[in-house]
Amino acid sequence: MLDELPLQLDRALPEPLSVQVADGLRAAASNGLLRGGDRLPSSRSLAERLGVSRTVVAAAFDQLHAEGWISGKRGSGTYLTTAPPAAPRRALPADGAGDDPALLDLQPGAPCSDAIDRPAWRRAWRAAADLSPLVRKDRAGEPDFRATIVEHLLRHRGLGAGSDTAVLATAGTSSAVGELAAALLAPGDAVAMEDPGYSRAAGAFAAAGVRVLPVPVDAHGLRADLLPPNIKAVYCTPAHQFPLGARLPAARRVELVEHARRNGLLIIEDDYDGELRYDTAPLPLLAAMAPDVVVHLGTTSKILSPSLGVGWLVATPRIADAVVAHRHRTGTSPSPAGQQVFVALAAHGDLARHLRRLRRALPPRRALMVTELRRHGLDVLGDDAGSHVVVPLASAEAEQQAVAAARARGVALDPLSRYHLSAQRHHFGITLGYTALSWSDLARAVPIAAACLAQS
């Protein structure tokens, strides 16, 4: 397999050869060409094959080892880790130092726990525990949870569930992607994904044997005009593109839907950060525009907590039935406990109050971060929605410099590098989340991050 990897180096590119080697191996792992447990060639043999010095390959291996992509000890071989690093994770990508509880973590993907009403949270868990133990789980999800999601989507996302759609509970977005791939696609089928994009979704497709074809994004999100031929589906995050933060304009949404209908494609709409918006009105969901070709995915992990372990899927009855049939075959289903906690929060009005509180809490955090970054002369992208922003940088070396400098001062940063699905990278920078830390810790971390980025 390793001899077949499309690992090509271009000495005309501005990126160092070691960065190109690391990018190529990282992309091969994300796209499923390399699997967990695969042994990599030695640095000497790979250097000979690529026609570079052993130092180049050793530097690439060091970077991948620091990011968690590979493991191994001198003399015992180097192996791809069991699973590639997840996209929104709390560990510092550079060297795992994010496990240090003293580190101030500005990586995206975590909810704002400060906004949670702890008494209401405890009441909801007690209410879930008071229910009688289930004899059999409903593979589609608990009926009261699905009814609650219908109401939630109508009130907060403008998505009505009619007779042409069905709502399922899921174990979260990545789990739902894996189920869709297993239920609807065959090994070897191709799916288009935003590049850079959500690498955990790419991993879910790859685990199902589905090929992931990267599609470039620009300042407005996914380029539908660049979708490759012969794909079965396209996965996208139109509400707040992850990680660059663009909101897909209405014209592009129409273009994407029309393309899907013409070519018989399925659109998988991950409503990443969809409930979190500030200065602009929400754009129509793709699922509201075209329920016949769109599967809508949502999760509680960004608005409440990943500890619930639940999300939802809205699709045509045919697709929903296929997912439920897959669950029957595999004996899997989402957690009933997390579903019942969500139901209890919604039933007493605590969920609606939480969302209002969240929308009040996040704008000051966003303002603190954006103001400080711009005070240092930095550009900021993606600040009109969601829970993170992006600061563009000129190169991969600038990313690495910023991450290392911030880490030395006790702050964890997140480079765009690890979200690219192909070796041809078009974007460099740092993603900065502003929800995970307390207000006081955020106020300490942001000036450090801004200073380190300004020097990169």
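If you're wondering where the values come from, they're calculated on a predicted model, not measured in any experiment. (Residues numbered from 1 in each chain as written. Predicted model: local features only at pLDDT ≥ 70, side-chain atom pairs only at ≥ 80, totals over all residues. Heavy atoms only, no water.)

**Observations concerning the overall build of the protein**
Thought 1: For the protein, the count of helices and strands is 14 helices and 16 strands.
Thought 2: Counting all 456 residues of the protein, 56% fall into the buried class.
Thought 3: If you sum the accessible surface of the protein, you get close to 18500 Å²; carbon and sulfur atoms cover 52% of it. (Helix = DSSP H or I, 4+ residues; strand = E, 2+ residues; numbered from the N terminus. Buried < 20%, exposed > 50% of the residue type's maximum accessible area, 1.4 Å probe, protein only. Areas by Shrake-Rupley, 256 points an atom, 1.4 Å probe, with all protein chains shown as cover.)

**A look at the sheet that holds strand β7 (residues 211-218)**
Where strands meet in a sheet, backbone hydrogen bonds hold them as pairs that are either parallel or antiparallel.
Thought 1: If you walk across this open sheet you meet the 8 strands as β5-β12-β11-β10-β9-β6-β7-β8, and the pairing is mixed. A single partner strand is all that each edge strand has here, and the edge strands are β5 (166-170) and β8 (221-222).
Thought 2: In terms of strand pairing, strand β9 (residues 233-236) meets strand β10 (residues 266-270) through 4 bridges, oriented parallel. In the sheet register, Cys 236 faces β10, and the bridge partner there is Glu 269.
Thought 3: Helix-sheet contacts for helix α6 (residues 173-184) involve β5, β9, β10, β11 (294-299) and β12 (311-315), and the interaxial angle to β11 is about 150°. (Pairing = 2+ DSSP bridges. Contact = heavy atoms within 4.5 Å. Axes fitted to C-alpha atoms, helices over the stretch in contact; angles between N-to-C directions.)

**Re the side chain of Ser 174**
Thought 1: Structurally, Ser 174 is set in helix α6.
Thought 2: For Ser 174, the residues in contact, after removing those within four places along its chain, are Tyr 198, Arg 200 and Ala 204.

**Comments concerning the side chain of Asp 270**
Thought 1: Inspection of the secondary structure puts Asp 270 in strand β10.
Thought 2: Lacking a salt bridge, the buried Asp 270 has Lys 302 as its closest oppositely charged neighbour, with an N-O distance of 7.4 Å.
Thought 3: Among all residues touching Asp 270, those that are not within four sequence positions of it are Thr 173, Tyr 198, Tyr 235, Cys 236, Thr 237, Pro 238 and Leu 297. (Lys, Arg positive; Asp, Glu negative; His and termini not counted. Salt bridge = Lys/Arg side-chain N within 4 Å of Asp/Glu carboxyl O.)

**Some words on helix α10 (residues 317-330)**
Thought 1: With 14 residues, α10 extends 20 Å between its outermost C-alpha atoms, agreeing within 8% with the 20 Å of an ideal straight helix rising 1.5 Å per residue.
Thought 2: Burial in α10 covers these residues: Ile 319, Ala 320, Ala 322, Val 323, Val 324, His 326 and Arg 327.
Thought 3: The inward-facing, buried residues of α10 contact β5, α6, β10, β11 and β12.
Thought 4: One or two residues past the end of α10 sits Gly 331, with phi positive at roughly 75°. (Expected span 1.5 Å × (residues − 1).)

**Comments concerning unusual backbone geometry**
The phi angle of most residues is negative, glycine excepted, and most peptide bonds adopt the trans form.
Thought 1: That bond from Asp 195 to Pro 196 is cis: its omega, 5°, falls within 30 degrees of zero.
Thought 2: Structurally, Pro 196 is set in the loop between β6 (190-195) and α7 (199-207).

**Focus on the sheet that holds strand β15 (residues 414-415)**
Thought 1: The strand order across the open sheet built from 3 strands is β13-β16-β15, with neighbouring strands paired in antiparallel fashion. On the outer flanks of this sheet lie β13 (388-392) and β15, each paired with one strand and no other.
Thought 2: Sheet topology places β13 next to strand β16 (residues 429-433); 5 bridges connect them, and they run antiparallel. Looking across to β16, one finds that Pro 392 is bridged to Gly 429.
Thought 3: Strands β13 and β16 of the sheet are contacted by helix α12 (residues 350-375), whose axis makes an angle of about 10° with β13.

**A word on the packing of aromatic side chains**
Thought 1: In total, this model carries 7 aromatic pairs according to the counting rule given.
Thought 2: Ring centres 5.9 Å apart and planes at 70° place the aromatic pair Trp 121 and Trp 125 in the edge-to-face group. Taken together, the residues span about one helical turn, with Trp 121 and Trp 125 both in helix α4 (residues 118-129) at a distance of 4 residues.
Thought 3: Judged by its relative accessible area of 32%, Trp 125 falls in the partly exposed class.
Thought 4: Ring centres of Tyr 198 and Phe 242 lie 5.9 Å apart, and the angle between their planes is 75°; on these two criteria the pair is classed as edge-to-face. Residue Tyr 198 is found in the loop between β6 and α7, and its partner Phe 242 is found in the loop between β9 and α8 (250-263); the two are separated by 44 residues along the sequence. Accessibility assignment for this pair places Tyr 198 and Phe 242 in one class, buried.
Thought 5: Every member of this aromatic cluster is reached through a ring pair, and the members are Tyr 198, Phe 242, Tyr 272 and Tyr 419. (Phe/Tyr/Trp six-rings, centres within 6.5 Å; stacked < 30°, edge-to-face > 60°.)

**Topic: α7**
Thought 1: Restricting attention to buried positions, one finds in α7 the residues Ser 199, Ala 201, Ala 202, Ala 204, Phe 205 and Ala 206.
Thought 2: Two residues or fewer after α7 comes Gly 209, characterised by a positive phi angle close to 80°.

**Concerning the pattern of salt bridges**
Thought 1: In total, this model carries 13 salt bridges according to the counting rule given.
Thought 2: With its nearest N and O atoms 3.3 Å apart, the salt bridge here joins Asp 138 to Arg 146.
Thought 3: You can call Asp 138 partly exposed: its relative accessible area is 30%.
Thought 4: Ionic pairing is found between Glu 179 and Arg 327, a salt bridge with its closest N-O pair at 2.9 Å. Highlighted residues: Glu 179 in helix α6 and Arg 327 in helix α10, separated in sequence by 148 residues. Each member of the pair Glu 179 and Arg 327 is classed as buried.

These figures come from the coordinates and say nothing about function on their own.
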